[in-house]
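Below are the chains, spelled out letter by letter.
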Amino acid sequence: MRDENRLIHVAIPALNEAEYLPRTLDCLSAQKTKNVHVWVCVNQPDHWWSDKEKISLCQNNQQSLSLLLSMGHPNLHVIDRSSPGKGWDRKSHGVGMARKVLMDAINRSANGNDIMVSLDADTLFGPHYLDSVREVFKAHPLAIALSNPYYHKLSGEPMLDRAMLRYEIYMRHYAINMWRISSPYCFTALGSAISLPVRSYRRIGGITAKKSGEDFYFLQKLRKTGWICNYNNEKVYPGTRYSDRVFFGTGPALIKGSLGNWDSYPVYDYRLFDRVSTLYKLFPVLYEKPVNTPLTPFLIRQFREEDPFRALRENSASVGQFITACHQKIDGLRILQYLKSETGKNIRYDEASLIDFLHAHYPEVFVHEKSEKAPYGFSDKETAALKQLDFKTTDITLLNKIRNLLVILEEEYQKNDLK
């Protein structure tokens, strides 16, 4: 099949999105590529219809359904899990279930060579985005998925923008450090920025429905079976907004963060990543015999095994198989759990963790004049302010410049990974 003839199936879960969905649909209508099918699942728990506090959300969903059904587009597929009697039951609901229903429906109708593109109903993107996704898989046929670059646009609302920048700095600092230690799990999981061939979906047995965080587990599941591409020359622009549609993720993080609660999203000390790196380097040694590692106490507690590597050692025919098995066991979730467990032991300011990381690995940031030695161009005033960084009070313009710096650093890793 010619690449330009591969169908693209766009999957969009929608809950309380009547205000935002039209702009996302406009972006889809403006795409230059052809052969696109759009799948939208308008969803909610069915019992919300009898909950006075939720009835406005039900009505909002009906507005979205009316809009979609009035479009009459032959390649638009609307899945109604919102109207009375059609919503989720009390146990199985949430964005993860909506993504699963969408992707399973696409899987049943699509060719294995077709492409699934996961979006959110408040995501914006340029007219060449879907073309660019098709080109990524054409250029990199071994890629099992694409975790597309993203960027949150400023809203103009100071409190919201401050929270958004703080959250994105957290995400990019985490991703850059995972890249730095050559972790296989260096992707950023955003449900609005994932694409994959349908055959990849079939290869892993589909997405697991979770009320939140399904995108993280989905990408981790994919990564255990192949390489995930993390670079594209087209970005997606997720909505910059407060939202409680999910239990954790960007929307809830911004709500909690605007109230000063960032406990779930600390800027981790870069030296914790160095400990993970040391563990990685010890994998060949661990194949030969048990040795202590910086993560040994954590792994013993986590797996409740005196030697967490014993079974892997006994069941691996070569050091290569053993290393692969180690990465499968000590995956992205385990690393995140380790970082959280160690961060909780000490009181440390997020700002200090970020500045220490930059001093250690990108000291040229603190050189004033823009030159070959100072490519990031912070002014004298900005450099002084950077050393006194405070996420609560530092000027939003400087926070945005820090975010943009991290975008540049992350893109360097993403591009190098293509090689």
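See the structure printed just above.
Residues numbered from 1 in each chain as written. Predicted model: local features only at pLDDT ≥ 70, side-chain atom pairs only at ≥ 80, totals over all residues. Heavy atoms only, no water.

Asks: Run through the packing of aromatic side chains, naming residues and quoting values.
Replies: Applying the stated criterion to the full structure yields 21 aromatic pairs. Between the aromatic rings of F357 and Y362, the centroid separation amounts to 5.9 Å while the plane-to-plane angle is 70°, which identifies the pairing as edge-to-face. Through successive ring pairs, a cluster of aromatic residues spans Y167, Y170, Y174, Y265, Y268 and F273. The ring of F391 carries R166 above its face, with NZ or CZ at 5.2 Å from the centroid. (Phe/Tyr/Trp six-rings, centres within 6.5 Å; stacked < 30°, edge-to-face > 60°. Lys NZ or Arg CZ within 6 Å of the ring centre and 35° of its normal.)

Asks: For the packing of helix α10 (residues 296–303) against helix α13 (residues 332–343), give the residues involved together with the corresponding values.
Replies: Interaxial distance between α10 and α13 falls to 11 Å at its minimum, and their mutual angle equals 115°. Considering their axes alone, α10 and α13 lie roughly perpendicular with respect to each other. Regarding α10 and α13, the two cross each other, and that crossing is right-handed. Of the residues in α13, those in contact with F298, Q302 and F303 of α10 are R334, Q337, Y338 and S341. Class assignment of the residues belonging to the contact of α10 with α13 gives a composition of three nonpolar, three polar and one charged. (Axes fitted to C-alpha atoms, helices over the stretch in contact; angles between N-to-C directions. Helix = DSSP H or I, 4+ residues; strand = E, 2+ residues; numbered from the N terminus. Parallel < 35°, antiparallel > 145°, perpendicular 65-115°, else oblique. Left-handed = near helix turned anticlockwise from the far one by under 90°. Contact = heavy atoms within 4.5 Å. Nonpolar A, V, L, I, M, F, W, Y, C, P; charged D, E, K, R; others polar.)

Asks: Kindly report on the pairing of strand β7 (residues 194–197), identifying the contributing residues and their values.
Replies: Neither face of β7 is open: one carries I194 and L196, the other S195 and P197, and all of them are buried. Pairing between strand β4 (residues 115–118) and β7: four bridges, direction antiparallel. Each bridged residue has a counterpart across the sheet, and for S118 the counterpart in β7 is I194. Bridging between strand β6 (residues 145–147) and β7 involves two bridges; their strand directions are antiparallel. Directly across from S147, in β7, lies its bridge partner I194. (Buried < 20%, exposed > 50% of the residue type's maximum accessible area, 1.4 Å probe, protein only. Pairing = 2+ DSSP bridges.)

Asks: Residue-level account of the sheet that holds strand β1 (residues 8–14), with values.
Replies: Overall, mixed pairing links the seven strands, which are arranged β3-β2-β1-β4-β7-β6-β8 in an open sheet. Each edge of the open sheet is held by one strand with a lone partner, namely β3 (76–81) and β8 (228–229). Relative to β1, helix α3 (residues 95–109) is tilted by about 155°, and along the sheet it contacts β1, β2 (36–43), β3 and β4. Each of β1, β2, β4, β6, β7 and β8 is contacted by helix α4 (residues 129–139), which is oriented at about 130° to β4, the strand it contacts most.

Asks: Quick rundown of the packing of helix α5 (residues 158–180) against helix α9 (residues 270–288)? Include the residues and the values.
Replies: Between α5 and α9, the least distance of the axes is 9 Å, while the angle of their chain directions is 30°. With respect to their mutual orientation, α5 and α9 come out roughly parallel. As for the relative orientation of α5 and α9, their crossing is right-handed in sense. For the pair α5 and α9, contact is made by H173, Y174, N177, M178 and R180 and by Y270, F273 and D274, respectively. Residue classes in the contact of α5 with α9 are distributed as four nonpolar, two polar and two charged.

Asks: I'd like a rundown of the nonpolar core, residues and numbers included.
Replies: Counting 97 residues, the largest nonpolar core has V10, I12, L28, V117, F218, L222 and F309 as its most contacted members. If you tally residues by element for this core, the top one is α9, at eight residues. Apart from the residues lying within four places of it in its own chain, the contact partners of L222 are I144, A145, L196, S200, I204 and I228. The next biggest cluster of nonpolar side chains, apart from the first, holds 24 residues, and it includes I169, L354, F357 and L358. (Core = buried A, V, L, I, M, F, W, Y, C linked by side-chain atoms within 4.5 Å.)

Asks: Describe in detail the pairing of β4, supporting the description with residues and values.
Replies: Burial along β4 is two-sided: I115 and V117 and M116 and S118, pointing in opposite directions, are all buried. As defined by bridge partners, β1 adjoins β4 across four bridges and the pair is classed as parallel. Paired with A11 across the two strands is S118, which belongs to β4.

Asks: Lay out the pattern of salt bridges in plain terms, naming residues and giving numbers.
Replies: Inspection of the entire model under this criterion finds 19 salt bridges. One salt bridge in this structure joins D350 and R166, with 2.9 Å as the shortest N-O distance. Taken as a pair, D350 in helix α14 (residues 350–361) and R166 in helix α5 lie far apart in primary sequence, 184 residues in all. As a salt-bridge pair, E314 and R310 come within 3.1 Å of each other at their nearest N and O atoms. Placement of the pair is E314 and R310 together in helix α11 (residues 310–314), with a separation of four residues, close to one helical turn. No difference in accessibility class separates E314 from R310, as the two residues are exposed. Taken together, the shared-partner salt bridges in this structure form one network comprising E168, R172, R403 and E410. (Salt bridge = Lys/Arg side-chain N within 4 Å of Asp/Glu carboxyl O.)

Asks: Account for unusual backbone geometry, naming residues and giving values.
Replies: In the Ramachandran plot, N35 falls in the positive-phi region, its phi being about 60° despite a non-glycine side chain. For N35, the location among the structural elements is in the loop between α1 (21–29) and β2.

Asks: Please provide a residue-by-residue account of the side chain of R313, values included.
Replies: Tracing the backbone shows R313 in helix α11. Judged by relative accessible area, which is 16%, R313 ranks as buried. A distance of 3.0 Å separates a polar atom in the side chain of R313 from a polar atom in the side chain of D307. With residues up to four places along the chain from it excluded, the contact list for R313 reads L286, Y287, K289, P290, D307 and F322. (Polar contact = N/O pair within 3.5 Å; in protein donor to acceptor, adjacent residues only side chain to side chain.)

Asks: Residues and numbers for the environment of N60, please.
Replies: Among the secondary structure elements, N60 is positioned in helix α2 (residues 55–71). Using a relative accessible area of 14% as the deciding quantity, one classes N60 as buried. Taking C-alpha positions, N60 is 39 Å from Y268, a pair spaced 208 residues apart along the chain. Here N60 is in contact with N16, E17 and A18, once residues within four sequence places are set aside.

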